[in-house]
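# Coordinate inspection notes
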Amino acid sequence: MSTKSLRVLALTCSTRPGALGPIVARWLTDTVTPRAAELDVEVVPVALGELNLPFLDEEDHPSSGVYRHEHTRRWSAIVDAADGFIAVTPEYNYGMPATLKNALDYLGREWAWKPIGFVSYGNTSAGTRSVQHTKQVVTTLRMVPLGATVAIRIGDSVREGRLRPDPGRDAAGLALLDELVRAAHALRPMRERARPETSSGPLPGSYARRLTPDDAAQVTVVQRCCWMDEALANDTMAIPALHESLEQVREWLGTWHTIGVWLDGRLLGMVRTRPDGTDWHLGRLAVVPDLRGRGLGRWLLRTAEAAAGADFRRILLCTGAKSLRNIDLYQSEGYQPVSLASPDGTVCLAKRRD
């Protein structure tokens, strides 16, 4: 399971004045927030009535991602930042509210590979026909509807405009959140692979993207398993990558441009770069031990080199003076030593770009 925190939107779908939706949504957030904190999940209430979305008025199809109106761009940013959704919805004439259908229709890619759960309310069917209607639509958007739901029969649950206490309903709300979190973590690789800023990786099914401070936990694990070979080859444990804390890794991820290759939610390798005058510094090139020898390191090296602009006259990197496998790789790619082994046991190599 991913170690990243999750952001879940609790959507209040009814916009009718005096509707029960806000009361149900308040019960939901009050009930699940303590559990959400335990799971490292942020539950964000969003009322569709406060978005002021007109009926779909974009000229281009949502799949294009071209949005001409500010209200669409704002809605896109809200949905894009979320990892999952809980729709608090009534049932209107055997179906979902038009406001929910309209909000769904506005966007495309932003919904994909995100789970959605439902808290419905109504009279005869407790809103369940609205849920069935909505599930038909969200699957077309490549969302994943949950099996766990909460269905509230108004006549049994509401007294003087307020929800009666109900331990069973509270338990169902917590079960809904738990299932949503499990699904959101499982679907994260699918969401990341679909984002426009990702690119295809060198192995079948893999993809590459820039690493952020949120990836610090995975980077720390990769560093500690990859640099043990360095330590053994160079007969030293004084290697920063083996000792950096999570906070230290998070800090340098915020300043270096770091590319990672992923497959099925696993970080397979990485490399970081940053400019220094006319030099393009490259470092922390790593590939998980079980995938070495498959061209991943060479691909990462070339990807890091390609990121250097035309103004940089050479690419500079360092490795352990006794790390012969690393040195062979770099020399085969045109790097030459520029210094003897330094006191810390490393050697620097450079590749000129004349």
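To be clear, the structure that these remarks concern was listed above.
Residues numbered from 1 in each chain as written. Predicted model: local features only at pLDDT ≥ 70, side-chain atom pairs only at ≥ 80, totals over all residues. Heavy atoms only, no water.

Across the sheet, 8 strands lie side by side as 8-9-10-11-12-13-15-14; this open sheet has mixed pairing. The open sheet is flanked by strand 8 (199-200) and strand 14 (336-337), the only strands paired with a single partner. For strand 8 and strand 9 (residues 207-210), the ladder comprises 2 bridges, and the chain directions are antiparallel. Bridge assignment links S199 to a residue of strand 9, and that residue is A208. Across the sheet, helix 11 (residues 324-332) is in contact with strand 12 (279-287), strand 13 (314-320), strand 14 and strand 15 (346-352); its angle to strand 13 comes to roughly 165 degrees. (Pairing = 2+ DSSP bridges. Helix = DSSP H or I, 4+ residues; strand = E, 2+ residues; numbered from the N terminus. Contact = heavy atoms within 4.5 Å. Axes fitted to C-alpha atoms, helices over the stretch in contact; angles between N-to-C directions.)

So, on to the pairing of strand 4 (residues 115-122). Burial of strand 4 is extensive: 8 of the 8 residues sit out of reach of the surface. Burial along strand 4 is two-sided: the face carrying P115, G117, V119 and Y121 and the face carrying I116, F118, S120 and G122 are both buried. Sheet topology note: the strand 3 (residues 84-90)/strand 4 ladder contains 6 bridges and is parallel. Considered in strand 4, the bridge of P90 is made with Y121. When strand 4 meets strand 5 (residues 144-153), the two strands line up parallel, connected through 7 bridges. Bridging from a neighbouring strand, F118 pairs with T149 of strand 5. Traced from strand 4 through helix 4 (residues 128-140) to strand 5, the parallel crossover comes out right-handed. (Buried < 20%, exposed > 50% of the residue type's maximum accessible area, 1.4 Å probe, protein only. Right-handed = clockwise from strand over helix to strand, strands pointing away.)

Of all 7 residues that make up strand 1 (residues 6-12), 6 are buried, and the element is covered over most of its length. Taken together, strand 1, helix 1 (residues 21-38) and strand 2 (residues 41-47) form a β-α-β motif whose crossover is right-handed. Judged from the 5 bridges that link them, strand 1 and strand 3 form a sheet pairing that is parallel. Across the sheet, L9 pairs through a bridge with F85, a residue of strand 3.

Glancing now at the nonpolar core. The tendency in soluble globular proteins is for nonpolar side chains to be buried side by side. Of all hydrophobic cores here, the largest spans 45 residues; its most connected members are V219, W227, L282, Y330 and Y335. A total of 6 residues in this core trace back to one element, the largest contributor, which is helix 7 (residues 216-234). In contact with V219, not counting residues within four places along its chain, are L211, V249, W252, L253, L267 and M270. (Core = buried A, V, L, I, M, F, W, Y, C linked by side-chain atoms within 4.5 Å.)

Attention now goes to the packing of aromatic side chains. Inspection of every chain in the model, using the stated rule, returns 4 aromatic pairs. Note on W75 and W111: the rings are 5.9 Å apart at their centroids and 70 degrees apart in plane angle, and the pair reads as edge-to-face. One end of the pair, W75, is in helix 2 (residues 70-80); the other, W111, is in the loop between helix 3 (98-105) and strand 4, and 36 residues separate them in sequence. This pair shows no difference in class: W75 is buried, exactly as W111 is. An aromatic cluster is built from W75, F85 and W111, whose rings are joined through pairwise contacts. A cation over an aromatic ring shows up here: R169 above the ring of W27, its NZ or CZ 5.2 Å from the ring centre. (Phe/Tyr/Trp six-rings, centres within 6.5 Å; stacked < 30°, edge-to-face > 60°. Lys NZ or Arg CZ within 6 Å of the ring centre and 35° of its normal.)

Turning to the environment of L285, a few remarks are in order. Within the secondary structure, L285 is located in strand 12. For the pair L285 and R274, spaced 11 residues apart in sequence, the C-alpha separation works out to 13 Å. Ignoring sequence-local partners within four residues, the contact set of L285 consists of W227, M270, V271, G297, L300, L301, L329 and Y330.

Take unusual backbone geometry next. The backbone phi angle of A126 is positive, close to 55 degrees, even though this residue is not glycine. Position of A126 among the secondary structure elements: in the loop between strand 4 and helix 4. Residue classification places A126 among the buried residues on the basis of a relative accessible area of 5%.

Interpretation note: all reported values are geometric properties and have no functional meaning in isolation.
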